[in-house]
Amino acid sequence: MNKKEIFIYGICIIFSLIMGILSNDIVIGGLILLTGLLNGYLAGEGKRSNYILGFINYILMAYVSFKNHLYGMTIFYTCIFAPLQIKGFLEWNKTLDEERNVLVREFTLKNSIIITISCVLGSFVLGYLLNLIPNQQLSWLDASSNCINLCGIILMILRFKEAWWVWLTNNIIDLMIWIILTVYGGEGAIMMLMVSIGYLLLNIYGIVKWNKKAKESDY
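All of the points below concern the structure found in this document. (Residues numbered from 1 in each chain as written. Predicted model: local features only at pLDDT ≥ 70, side-chain atom pairs only at ≥ 80, totals over all residues. Heavy atoms only, no water.)

Glancing now at empty space enclosed by the protein. With the rule as written, the count across this model stands at one cavity of 30 Å³ or more. In this structure, the largest cavity encloses a volume near 340 Å³. If you trace the largest cavity, you find 24 residues lining it, with Asn-39, Tyr-58, Asn-149, Trp-167 and Tyr-199 closest to the centre. Counting only elements with at least two residues in the lining of the largest cavity, the list comes to α2 (28-44), α3 (50-67), α4 (71-92), α6 (139-157), α7 (163-183) and α8 (189-216). The element that contributes the greatest number of residues to the lining of the largest cavity is α7, accounting for six residues. Residues of the lining of the largest cavity, tallied by class, amount to 13 nonpolar, ten polar and one charged. (1 Å grid on protein atoms, 1.4 Å probe; cavity = no way out; pocket = protein on both sides within 12 Å on 5 of 7 lines; lining within 4 Å. Points joined across faces, edges and corners; volume = space filled by probe spheres on them. Helix = DSSP H or I, 4+ residues; strand = E, 2+ residues; numbered from the N terminus. Nonpolar A, V, L, I, M, F, W, Y, C, P; charged D, E, K, R; others polar.)

All right, on to the layout of surface pockets then. Space inside the largest pocket adds up to approximately 330 Å³. Taken together, 13 residues form the lining of the largest pocket, with Ile-11, Cys-12, Leu-37, Leu-201 and Leu-202 sitting closest to its centre. Contributions of two or more residues to the lining of the largest pocket are made by α1 (3-22), α2 and α8. Considering each element in turn, the lining of the largest pocket owes the most residues, six residues, to α8.

Before going further, it helps to examine the packing of α3 against α4. Where α3 meets α4, the axes come as close as 8 Å, and the angle between the chain directions of the two elements is 175°. With respect to each other, α3 and α4 are oriented roughly antiparallel. Here α3 contributes Asn-50, Tyr-51, Ile-52, Gly-54, Phe-55, Tyr-58, Ile-59, Met-61, Ala-62, Ser-65 and Phe-66 to the contact with α4, which in turn contributes Tyr-71, Met-73, Thr-74, Tyr-77, Thr-78, Phe-81, Ala-82, Gln-85, Ile-86, Gly-88, Phe-89 and Trp-92. Across the contact of α3 with α4, the residue classes break down as 16 nonpolar, seven polar and no charged. (Axes fitted to C-alpha atoms, helices over the stretch in contact; angles between N-to-C directions. Parallel < 35°, antiparallel > 145°, perpendicular 65-115°, else oblique. Contact = heavy atoms within 4.5 Å.)

The next subject is the nonpolar core. By size, the foremost hydrophobic cluster in this structure holds 64 residues, and its most contacted members are Met-156 and Trp-178. When residues of this core are traced back to their parent elements, those giving at least two are α1, α2, α3, α4, α5 (109-130), α6, α7 and α8. Here this core takes eleven residues from α8, the largest share from any one element. (Core = buried A, V, L, I, M, F, W, Y, C linked by side-chain atoms within 4.5 Å. Buried < 20%, exposed > 50% of the residue type's maximum accessible area, 1.4 Å probe, protein only.)

Here it is, written out as structure tokens:
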């Protein structure tokens, strides 16, 4: 572990503790914020260890989502996103460079069109289904967030740099969801809002890092 990593880990831990204390949610909320920040940072660096923290983060977020009646997020986090972290860890292990960092790829306009259409159609279908669930909150935002996030995770597993742009779009939707729930006093909503803000910064960091990595990669 170099000095840069020690500094970043320390900042993330201190920030998570402070926000946990201020929001009176130091256990679940603090762990969500910490694992989320470190997961995003390690992913940006191309380290496969990000998937270990990602698995923990999604399980914890599933719990908070369930408490806030976001059943779409609960199902996706538990049954899809968390298991995909295991898949990602195994896949990245096959494509590491000499420094144990992942090799980055980039795709064409055709890939972009396919991803966009898939996200839009998936969001409409899932949104309709979520509307059928009693007490479901923010069905269309919930559906859009999950579909876009799923595309981002799959692209990340496949090592496409465009995953960060997909996640940036998802991050904006997540911010809308947790701002609304924070205003209405949703359980754990303040900490989830902090996580979303942290992810916004990490998404920008990931875009810059992976654009640089793509130029250095042979893919």
